[in-house]
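This is what each chain is made of:
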Amino acid sequence: MNWQELINEEKQKPYFQELTTFVDQAYQTETVYPAKDEIYRALELTPYEDVKVVLLGQDPYHGEAQAHGLSFSVATSEAKFPPSLRNIFKELESDLGIKRTKRDLTDWAEQGVLLLNTVLTVDGVKKAGSHRKKGWEIFTDQIIRSLNDREKPVIFVLWGNDAKKKAALITNPQHKILTGVHPSPLSANRGFFGSKPFSQINDLLEELGEKKINW
C-alpha cells in the first residue's frame, strides 16, 4: 500500500468525484486554504510505511499564510500564531523541556508523524467547518483504516471529542491509542496541560523498538 494507490482508489468512488467538483469550484470562487498543491502534503511528507504516529487535527487553519497541509502546523512565523499550537508548544516545554520556536512542523512529518486533518480544505472567509461533511471525512477515515490494517504498530494521538470518535476505526490490538483533551484555549486547562503526550509517545516508540521523535 502507498498513499497514491489509496487516493487513486478513492477517486473512482462517487463521493470523491462530488468532493472534487466541490473543491475545484471553491478554489475558483473563494479563498480556500491550504494552497491547492498542498492539500495532500501530510501524505507526501510521511509515506505509508514510515508512519509511526498519527496526530489528528480537524480543519486547516483559515488565517492568511497559516495552513500548508499539515495538522497544527503553520507555514511561516509571519503568520498569526494559532492558540492551539501555542498551547502544544507550552506543553512540549513543560513535558520535555524543549522550547520550540519554529511553527512549521515539517520536521515532525519527516520523522514519521502523520499530521492529518480530518477535513483537508477550508474557506478562509466562512472559516472553521465550512468544508465539513463534503466528503473529506470519508477519505480521511479510509486513511485511518488503511493504517489500522498495517501490521507494523502505529500510535494514534486523538485530542478532543471529534478526534476521539475515530478510535472506533482502530480495531487492531497492535496499535496504540493516546486520547486527551484538545489543546484549544477552550479546553487546554481541563487536562491538556500536564498530560505529557510527547514523552508518552517517545516511551511507546522505545517499547516498540522505534527511534524516538526529536520534537
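Residues numbered from 1 in each chain as written. Predicted model: local features only at pLDDT ≥ 70, side-chain atom pairs only at ≥ 80, totals over all residues. Heavy atoms only, no water.

Asks: Summarise the overall build of the protein chain; cite the residues concerned and give the values.
Replies: Counting its secondary structure elements, the protein chain contains 8 helices and 6 strands. When the helices and strands of the protein chain are placed in sequence order, the string is α-α-β-α-β-α-α-β-β-α-β-α-β-α. Relative to the 2.2 N^0.38 estimate, which gives 17 Å for 215 residues, the radius of gyration of the protein chain is 17 Å and therefore close to what a compact globule would have. Oriented by its inertia axes, the alpha-carbon framework of the protein chain measures out at about 45 × 40 × 25 Å. Counting every position in the protein chain, which comprises 215 residues, the buried fraction comes to 53%. Contacts in the protein chain between residues far apart in sequence, at least 24 positions, make up 65% of those at least 6 positions apart. For the protein chain, the distance from the average site of its 28 positive side-chain charges to the average site of its 30 negative ones is 6 Å. (Helix = DSSP H or I, 4+ residues; strand = E, 2+ residues; numbered from the N terminus. Rg over C-alpha atoms; globule rule 2.2 N^0.38 Å. Buried < 20%, exposed > 50% of the residue type's maximum accessible area, 1.4 Å probe, protein only. Contact = heavy atoms within 4.5 Å. Lys, Arg positive; Asp, Glu negative; His and termini not counted. Charge placed at Lys NZ, Arg CZ, Asp CG, Glu CD.)

Asks: Would you mind going over the packing of helix H1 (residues 3-11) against helix H6 (residues 136-148) in detail, with residue names and values included?
Replies: One way to put it is that H1 packs onto H6 with a least axis distance of 11 Å and a crossing angle of 135 degrees. By the angle class used here, H1 and H6 are oblique. Regarding H1 and H6, the two cross each other, and that crossing is right-handed. The segment H1 lies against H6, with Trp3, Leu6, Ile7 and Glu10 engaging Phe139, Gln142, Ile143, Ser146 and Leu147. Among the residues forming the contact of H1 with H6, the class breakdown is 6 nonpolar, 2 polar and 1 charged. (Axes fitted to C-alpha atoms, helices over the stretch in contact; angles between N-to-C directions. Parallel < 35°, antiparallel > 145°, perpendicular 65-115°, else oblique. Left-handed = near helix turned anticlockwise from the far one by under 90°. Nonpolar A, V, L, I, M, F, W, Y, C, P; charged D, E, K, R; others polar.)

Asks: Lay out unusual backbone geometry in plain terms, naming residues and giving numbers.
Replies: With omega at -5 degrees, the peptide bond leading from Tyr33 into Pro34 counts as cis. With respect to the element layout, Pro34 can be found in the loop between strand E1 (32-33) and helix H3 (41-45). One non-glycine residue, Ala65, lies in the positive phi region at around 65 degrees. Positionally, Ala65 belongs in the loop between strand E2 (53-57) and helix H4 (83-96). Ala65 sits in the partly exposed class, given a relative accessible area of 40%. Unusually for a residue other than glycine, Lys196 sits at a positive phi of about 50 degrees. Counting through the fold element by element, Lys196 comes out in the loop between strand E6 (176-180) and helix H8 (197-207). The class for Lys196 is partly exposed, based on a relative accessible area of 39%.

Asks: A description of the pairing of strand E3 (residues 113-117) should follow, citing residues and the corresponding values.
Replies: The buried count for E3 comes to 5 of 5 residues, which makes it a mostly enclosed element. Covered by surrounding structure in E3 are Val113, Leu115 and Asn117 together with Leu114 and Leu116, the residues of both alternating faces. In terms of strand pairing, E2 meets E3 through 5 bridges, oriented parallel. By the bridge assignment for E3, Gly57 is matched with Asn117. (Pairing = 2+ DSSP bridges.)

Asks: Tell me about the side chain of His68, and name the residues and values.
Replies: One can find His68 in the loop between E2 and H4. A residue is classified by how much of its surface remains accessible, and His68, at 3% relative accessible area, is buried. Polar side-chain contacts of His68 include one of 2.9 Å to the side chain of Arg41. A distance of 2.7 Å separates polar atoms of two side chains, one belonging to His68 and the other to Ser73. (Polar contact = N/O pair within 3.5 Å; in protein donor to acceptor, adjacent residues only side chain to side chain.)

Asks: Kindly report on the nonpolar core, identifying the contributing residues and their values.
Replies: Trp108, Leu114, Phe139 and Leu147 are the most contacted members of the largest nonpolar core, which has 64 residues in total. If we skip the residues at most four places from it in the chain, Leu147 touches Trp3, Tyr48, Val51, Val54, Leu114, Val154, Phe156 and His175. (Core = buried A, V, L, I, M, F, W, Y, C linked by side-chain atoms within 4.5 Å.)

Asks: I'd love a proper account of the packing of H4 against H8, names of residues and values included.
Replies: At their nearest, the axes of H4 and H8 sit 7 Å apart, and the two run at 60 degrees to each other. Our classification of the angle between H4 and H8 gives oblique. Across from Ile88, Glu91, Leu92, Asp95 and Leu96 in H4, the residues of H8 making contact are Pro197, Phe198, Ser199 and Asn202. Looking at the contact of H4 with H8, its residues break down into 5 nonpolar, 2 polar and 2 charged.

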